[in-house]
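For reference, the chains in residue letters:
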Amino acid sequence: MLDHVGFAVSDYERSKAFYEQALAPLGLTLIMEPAGQAAGFGTAGKPWFWVEAQGTPVRGRLHIAVAADSRGQVDAFHSAALDAGGIDNGAPGVRAIYHPDYYGAYVLDPDGNNVEAVCHQPA
């Protein structure tokens, strides 16, 4: 099981603002920002999703899926991420190819990474 994940971004302030808005519907907030060089998002005081100013951004496309408690949260994530400047990469919906109850939405972040919110609860 993963404890946390982090990756470098090309424009730290832009990506931090994007993730603050996009992750809010999933209950993730900015918990810490050590030296203004990394933004740690999470819940209950524990950051587990990091974007970092230092390093080389991923070449190609990173895919990150964040669990949602409900299909409504998936919908809200998709909307918030688009409002934050993300690019639609798959509207909210059932992805039966994975599982009959797999409900997800995909958005490309400012660096083109595929960020997904997914709920595994039946309708």
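Residues numbered from 1 in each chain as written. Predicted model: local features only at pLDDT ≥ 70, side-chain atom pairs only at ≥ 80, totals over all residues. Heavy atoms only, no water.

Undergrad: Quick rundown of the overall build of the chain? Include the residues and the values.
TA: Helix and strand counts for the chain stand at 2 helices and 8 strands. Taken from the N to the C terminus, the helices and strands of the chain come in the order β-α-β-β-β-β-α-β-β-β. Relative to its length of 123 residues, the chain is compact, with a C-alpha radius of gyration of 14 Å against a globular reference of 14 Å. Considering the chain as a whole, with its 123 residues, one finds that 41% of them fall into the buried category. The long-range fraction of contacts in the chain, counting pairs at least 24 apart against all pairs at least 6 apart in sequence, stands at 51%. Total accessible area computed for the chain in this model is approximately 6300 Å², and 54% of it derives from carbon and sulfur atoms. Taking the average place of the 7 positive charges on the side chains of the chain and the average place of its 14 negative ones, the gap between the two points comes to 5 Å. (Helix = DSSP H or I, 4+ residues; strand = E, 2+ residues; numbered from the N terminus. Rg over C-alpha atoms; globule rule 2.2 N^0.38 Å. Buried < 20%, exposed > 50% of the residue type's maximum accessible area, 1.4 Å probe, protein only. Contact = heavy atoms within 4.5 Å. Areas by Shrake-Rupley, 256 points an atom, 1.4 Å probe, with all protein chains shown as cover. Lys, Arg positive; Asp, Glu negative; His and termini not counted. Charge placed at Lys NZ, Arg CZ, Asp CG, Glu CD.)

Undergrad: How would you sum up the sheet that holds strand S2 (residues 29-32)? Please name residues and give values.
TA: Strand-to-strand pairing in sheets goes through backbone hydrogen bonds, with the strands running parallel or antiparallel. Here 4 strands make up an open sheet; going across it, the order is S1-S4-S3-S2 and the pairing mixed. For this open sheet the edge positions go to strand S1 (5-8) and S2, each flanked by a neighbour on one side alone. For this sheet, the mean angle separating the axes of adjacent strands, direction not counted, is 35°. With 4 bridges connecting them, S1 and strand S4 (residues 46-52) associate as parallel partners. Looking at the pairing, Val5 lines up with Phe49 of S4. Across the face of the sheet, helix H1 (residues 12-23) comes into contact with S1, S2, strand S3 (38-43) and S4 while running at roughly 10° to S3. (Pairing = 2+ DSSP bridges. Axes fitted to C-alpha atoms, helices over the stretch in contact; angles between N-to-C directions.)

Undergrad: Tell me about the pairing of S3, and name the residues and values.
TA: The buried fraction of S3 is high, at 5 of 6 residues. Pairing between S2 and S3: 3 bridges, direction antiparallel. Residue pairing for S3: Thr29 is matched across the bridge by Gly42. Two successive antiparallel strands, S2 and S3, enclose a turn made up of 5 residues, where Ala35 displays a positive phi of approximately 55°.

Undergrad: Please set out the packing of aromatic side chains residue by residue, giving values where relevant.
TA: A full pass over the atoms with the stated rule returns 7 aromatic pairs. Between Phe7 and Tyr19, the aromatic rings sit 6.2 Å apart at their centres with planes inclined by 75°, giving edge-to-face as the arrangement. Residue Phe7 is located in strand S1, and its partner Tyr19 is located in helix H1; the two are separated by 12 residues in the primary sequence. Residues Phe7 and Tyr19 agree in their burial class; the two are buried. A ring pair is formed by Trp48 and Phe49, whose centres lie 6.2 Å apart and whose planes are at 85°; its orientation type is edge-to-face. Trp48 gets classed as partly exposed once you look at its relative accessible area, which sits at 26%. (Phe/Tyr/Trp six-rings, centres within 6.5 Å; stacked < 30°, edge-to-face > 60°.)

Undergrad: So what's going on with the environment of Gly40? Residues and values would help.
TA: Along the chain, the position of Gly40 falls in strand S3. Distance in space between the C-alpha atoms of Gly40 and Glu13 is 13 Å, their sequence separation being 27 residues. Setting aside residues no more than four positions away along its own chain, Gly40 makes contact with Thr29, Leu30, Ile31, Met32, Pro47, Phe49 and Trp50.

Undergrad: Tell me what's going on with the side chain of Arg71, and back it up with residues and numbers.
TA: Following the sequence through the fold, Arg71 ends up in helix H2 (residues 71-83). Residues in contact with Arg71, not counting those within four places in the same chain, are Val94, Asp101, Tyr103, Cys119, Gln121, Pro122 and Ala123.

Undergrad: Account for the sheet that holds strand S6 (residues 87-94), naming residues and giving values.
TA: Pairing is mixed in the open sheet, where 4 strands are placed in the order S5-S8-S7-S6. Edge positions in the sheet fall to strand S5 (63-67) and S6, since each of these pairs with one other strand and no more. Here the strands of the sheet are splayed against their neighbours by 15° on average, with no regard to which way each runs. With respect to the sheet, H2 is in contact with S6, strand S7 (103-108) and strand S8 (114-119), its orientation differing from that of S7 by roughly 10°.

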